[in-house]
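# Summary of the model geometry
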Amino acid sequence: MHLNYILSQRNENVLIHNNNVHKKERDGDDKIIWKCNDYKQFSCRGRIHTRDETVIKYIEHTNHVPDIAKIKRREYMNDLNKVAKTSQLSTHAVIVSVVSKVKAL
């Protein structure tokens with residue numbers, strides 16, 4: 001199964017799984033442990049253990065629901081940053097190109 005990542009505001013990969021955002025907690029010898037990005041706000045115990053781009057253990061998020069709008073905002077911001085960095089478009093044209101994708105949905 002392919003894992004889905006987006007960039008955080010600090011330019012670090014965060015893992016999106018089951019519409020929840022996870023940030024890297026530990027990077028061990030053979031696996032990576034990801035914790036819920038909302039662990040402080042909700043005292044969430046949700047975790048994912050991955051090895052070679054495969055989920056090997058999943059601990060449910062039991063005390064909050066996924067924030068799909070937050071994920072979409074991050075995806076659009078990533079698109080905006082990518083287009084701005086890789087094109088010669090004006091600021092206005094960059095914004096228009098990303099906003100047009102949002103409107104198309």
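Residues numbered from 1 in each chain as written. Predicted model: local features only at pLDDT ≥ 70, side-chain atom pairs only at ≥ 80, totals over all residues. Heavy atoms only, no water.

## Quick word on empty space enclosed by the protein
- Tallied over the full model, the rule gives 1 cavity of 30 Å³ or more.
- Computed from the structure, the largest cavity encloses a volume of approximately 60 Å³.
- Lining the largest cavity are N19, N20, V21, C36, D38, H64, V65, P66, D67 and K70. (1 Å grid on protein atoms, 1.4 Å probe; cavity = no way out; pocket = protein on both sides within 12 Å on 5 of 7 lines; lining within 4 Å. Points joined across faces, edges and corners; volume = space filled by probe spheres on them.)

## Considerations on the sheet that holds strand β2 (residues 13–17)
- One open sheet holds the 6 strands; their spatial order is β1-β2-β3-β4-β5-β6, and the pairing between them is antiparallel. Because the sheet does not close on itself, it has two edges, and the strands there are β1 (4–7) and β6 (54–59). Averaged over all pairs of adjacent strands, the angle between their axes in this sheet comes to 35 degrees, without regard to strand direction.
- As defined by bridge partners, strand β5 (residues 47–51) adjoins β6 across 5 bridges and the pair is classed as antiparallel. Its bridge partner being in β6, T50 is matched across the sheet by V55.
- Here helix α2 (residues 68–86) sits on the sheet in contact with β1, β2 and β3 (20–27), set at roughly 65 degrees to β1. (Pairing = 2+ DSSP bridges. Helix = DSSP H or I, 4+ residues; strand = E, 2+ residues; numbered from the N terminus. Axes fitted to C-alpha atoms, helices over the stretch in contact; angles between N-to-C directions. Contact = heavy atoms within 4.5 Å.)

## Let's talk about the nonpolar core
- Counting residues in each nonpolar core, the largest one holds 5 residues, listed as I6, V14, I16, V21 and I71.
- Those residues within four positions of I16 in sequence are excluded, and the remaining contacts are N4, I6, V21 and I71. (Core = buried A, V, L, I, M, F, W, Y, C linked by side-chain atoms within 4.5 Å. Buried < 20%, exposed > 50% of the residue type's maximum accessible area, 1.4 Å probe, protein only.)

## Describing the UniProt feature "domain: FLYWCH-type" (unreviewed entry) in the chain
- The UniProt record annotates "domain: FLYWCH-type" (unreviewed entry) at residues 5–62.
- Structurally, residues 5–62 comprises 7% helix and 55% strand, and the distance from its first C-alpha atom to its last is 22 Å. (UniProt positions renumbered as here; feature names shortened; annotations may be inferred.)

## Quick look at α2
- The end-to-end C-alpha distance of α2, which contains 19 residues, comes to 27 Å, matching closely the 27 Å that a straight helix rising 1.5 Å per residue would cover.
- If you check which residues of α2 are buried, you get K70, I71, N78 and V83. (Expected span 1.5 Å × (residues − 1).)

## Structural notes on the layout of surface pockets
- In this structure, the largest pocket occupies an estimated 400 Å³ of space.
- In terms of lining residues, the largest pocket is bounded by 16 residues, among which L7, S8, M77, N78 and N81 are the most central.
- Sorting the residues of the lining of the largest pocket by element identifies β1 and α2 as the ones contributing at least two each.
- The residue makeup of the lining of the largest pocket, split by class, is 4 nonpolar, 6 polar and 6 charged.
- Put simply, the second largest pocket is a space of about 350 Å³.
- What lines the second largest pocket is S8, Q9, R10, E12, N13, V14, K23, K24, W34, N37 and R74. (Nonpolar A, V, L, I, M, F, W, Y, C, P; charged D, E, K, R; others polar.)

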